[in-house]
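Topology and contacts: notes
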Amino acid sequence: MKKNIILMGPPGAGKGTLAKQLKEAFHLVHISTGDMFRDAIKAQTELGKLAQGYINEGHLVPDEVTIGLVKERLSQPDCAEGFLLDGFPRTLPQAEALSKLTKEISREIDVVINLDCDNDELVRRISGRRVCKNCGAPYHIITMKPKVEGVCDLCGGPLYQRKDDNEESLKVRLGHYVSETKPLLDYYANLGLLESFNSLTGKEALFDEVSSYLKK
Ligand code: AMP
């Protein structure tokens, strides 16, 4: 079973949804840098205040800040059972820092799962996305409606639209994806770690395909 996993793909490809399914199924520690930043913004910590401006406009938070955050989390004992990195690394310096860190703490990356998705679908998914304010569960106003409008099925929390889920920020985020994150696919392919899946198959089919692959 492959237990130390990186999830990659453009914004809206379904990383968060898949991560939550895999976390439940395989008891992995889910490390989402986006969620960590959003929690810090909610609590208005120093980190949150720093990250807020970058995130709302769709820019990447500086490498040294993001790398420090992941180093601290990944070094914690619960990650020894398996971890799922969602949204990290996003730049070459982050990927290199991660390789160095995993060596230092003797935890190897087993696989990089890449989710492919076309641009029109990304825009459709992001513009209709709603998220639970309490537990972070993802919804979509057309394809993944909650039972009661505006209320999370899982915890009853209120649903909201992320500030960076608008057309302007999405353009910037896709630009960063193409110029800084997409080149990492070659980096991991060269290390023999890359495995790509088509995220258009639907969330249950995608989960089944990825789960079967991880169990091999
Ligand atoms: P996500 O929830 O993964 O879509 O991340 C939301 C936002 O958080 C991104 O658009 C970035 O502004 C910031 N962010 C998350 N992960 C990283 C990262 N690895 N490097 C830099 N910024 C990040």
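This structure is a prediction, so every number in the text was calculated from the model and none was measured.

Considerations on the overall build of the protein chain
Along the backbone of the protein chain there are nine helices and eight strands. Relative to the compact-globule value of 17 Å for 216 residues, the protein chain shows a C-alpha radius of gyration of 16 Å, a close match. With the principal axes as the frame, the protein chain shows a C-alpha extent of 45 × 40 × 35 Å. Looking at the protein chain as a whole, 46% of its 216 residues are labelled buried. Accessible surface for the protein chain amounts to roughly 11,000 Å². Of this, 53% is attributable to carbon and sulfur atoms. The positive charge centre, built from 29 side chains, and the negative charge centre, built from 31, are 4 Å apart in the protein chain.

Some remarks on the nonpolar core
Among soluble globular proteins, nonpolar side chains are generally buried collectively. Formed by 23 residues in total, the largest nonpolar core has its most connected members in Leu18, Leu22, Ile113, Val210 and Leu214. For this core, the secondary-structure elements that each account for two or more residues are strand 1 (4-8), helix 1 (15-26), strand 4 (111-116), helix 6 (119-127), helix 7 (167-181) and helix 9 (203-215). Per-element tally for this core: the top contributor is helix 9, with five residues. Setting aside chain neighbours within four positions, we find Val210 in contact with Leu18, Leu22, Ile113 and Phe197. In this structure, Phe83, Phe88, Ala95 and Leu101 belong to the second largest nonpolar core, which totals 22 residues.

Regarding the site of the ligand
Lining the immediate environment of the ligand, one finds 16 residues, of which Thr33, Arg38, His59, Gly87 and Arg90 sit closest. At a separation of 3.0 Å, a nitrogen atom of the ligand approaches a polar backbone atom of Val61. Note that an oxygen atom of the ligand is positioned 3.1 Å from one of the side-chain N or O atoms of Arg162. When the ligand sits alone it has 480 Å² of accessible area, and the protein chains cover 96% of it. Here the shell around the ligand takes four residues from helix 2 (residues 33-42), the largest share from any one element. Residues belonging to the shell around the ligand are distributed by class as follows: five nonpolar, six polar and five charged.

Notes on unusual backbone geometry
Put simply, Phe88 and Pro89 share a cis peptide bond, and its omega is 0 degrees. Along the chain, the position of Pro89 falls in the loop between strand 3 (83-86) and helix 5 (92-104). Its identity is not glycine, yet Gln44 carries a phi of approximately 50 degrees, on the positive side. In this structure, Ser106 takes a positive phi of about 55 degrees despite not being glycine. Following the sequence through the fold, Ser106 ends up in the loop between helix 5 and strand 4.

Points about the environment of His30
Here His30 is to be found in strand 2 (residues 29-32). For the pair His30 and Ile5, spaced 25 residues apart in the sequence, the C-alpha separation amounts to 9.7 Å. Every residue in contact with His30, bar those within four places of it in the chain, is listed here: Ala19, Lys20, Lys23, Asp35, Leu84 and Asp86. Among the polar contacts made by the side chain of His30, one reaches the side chain of Asp86 at a distance of 2.8 Å.

Some words on the pairing of strand 2
Along strand 2, one buried face is formed by Val29 and Ile31 and the opposite face, lined by His30 and Ser32, is buried too. As defined by bridge partners, strand 2 adjoins strand 3 across four bridges and the pair is classed as parallel. Within strand 3, the position partnered with Ser32 by the bridge is Asp86.

Some points on the sheet that holds strand 6 (residues 138-140)
Strand order in the open sheet formed by three strands is 6-5-7, and the pairing between neighbours is antiparallel. Where the open sheet ends on each side, the last strands, each with one partner, are strand 6 and strand 7 (159-160). Bridging between strand 5 (residues 129-132) and strand 7 involves two bridges; their strand directions are antiparallel. By the bridge assignment for strand 7, Cys132 is matched with Leu159.

Parameters and conventions
- Each chain carries its own residue numbering, running from 1 in the written order of its sequence.
- Restriction of local features to residues with pLDDT of at least 70 applies here, the model being predicted, together with a cutoff of 80 or more for giving and counting side-chain atom pairs; totals for whole chains, interfaces and linings are based on all residues.
- Processing note: side-chain calculations cover all non-hydrogen atoms of the structure and skip hydrogens and water entirely.
- By definition, any uninterrupted DSSP run of H or I lasting at least four residues is a helix, any uninterrupted run of E lasting at least two residues is a strand, and each is numbered from the N terminus.
- With C-alpha atoms as the basis for the radius of gyration, the globule rule is written as 2.2 Å multiplied by the number of residues raised to the power 0.38.
- Exposure is judged per residue with a 1.4 Å probe applied to protein chains only, and the accessible area is read against the type maximum: over 50% gives exposed, under 20% gives buried, and values in between give partly exposed.
- To measure how exposed things are, a 1.4 Å probe is used in the Shrake-Rupley method; for residues, cover is taken only from the protein chains shown.
- By the counting scheme adopted, Arg and Lys are positive, Glu and Asp are negative, and His together with the chain ends is not counted.
- All charge positions are set by atom: Lys at NZ, Arg at CZ, Asp at CG, Glu at CD.
- Here the nonpolar core consists of buried residues drawn from Ala, Val, Leu, Ile, Met, Phe, Trp, Tyr and Cys, with membership extended through side-chain atoms lying within 4.5 Å.
- Contacts: residue pairs with any heavy atoms within 4.5 Å of one another.
- For this description, a residue counts as near a given molecule or strand if any of its non-hydrogen atoms is within 4 Å of it.
- Distance and chemistry together define a polar contact, namely a pair of N or O atoms within 3.5 Å, with one atom able to donate a hydrogen and the other to accept it when in protein, and with adjacent residues in sequence counting only for side-chain atoms on both sides.
- Polar here means any residue other than Ala, Val, Leu, Ile, Met, Phe, Trp, Tyr, Cys and Pro, which are nonpolar, and Asp, Glu, Lys and Arg, which are charged; Gly is therefore polar.
- In this description, strands pair whenever DSSP reports at least two bridges between them.

Honestly, that's just the spatial picture; any functional story needs more than this.
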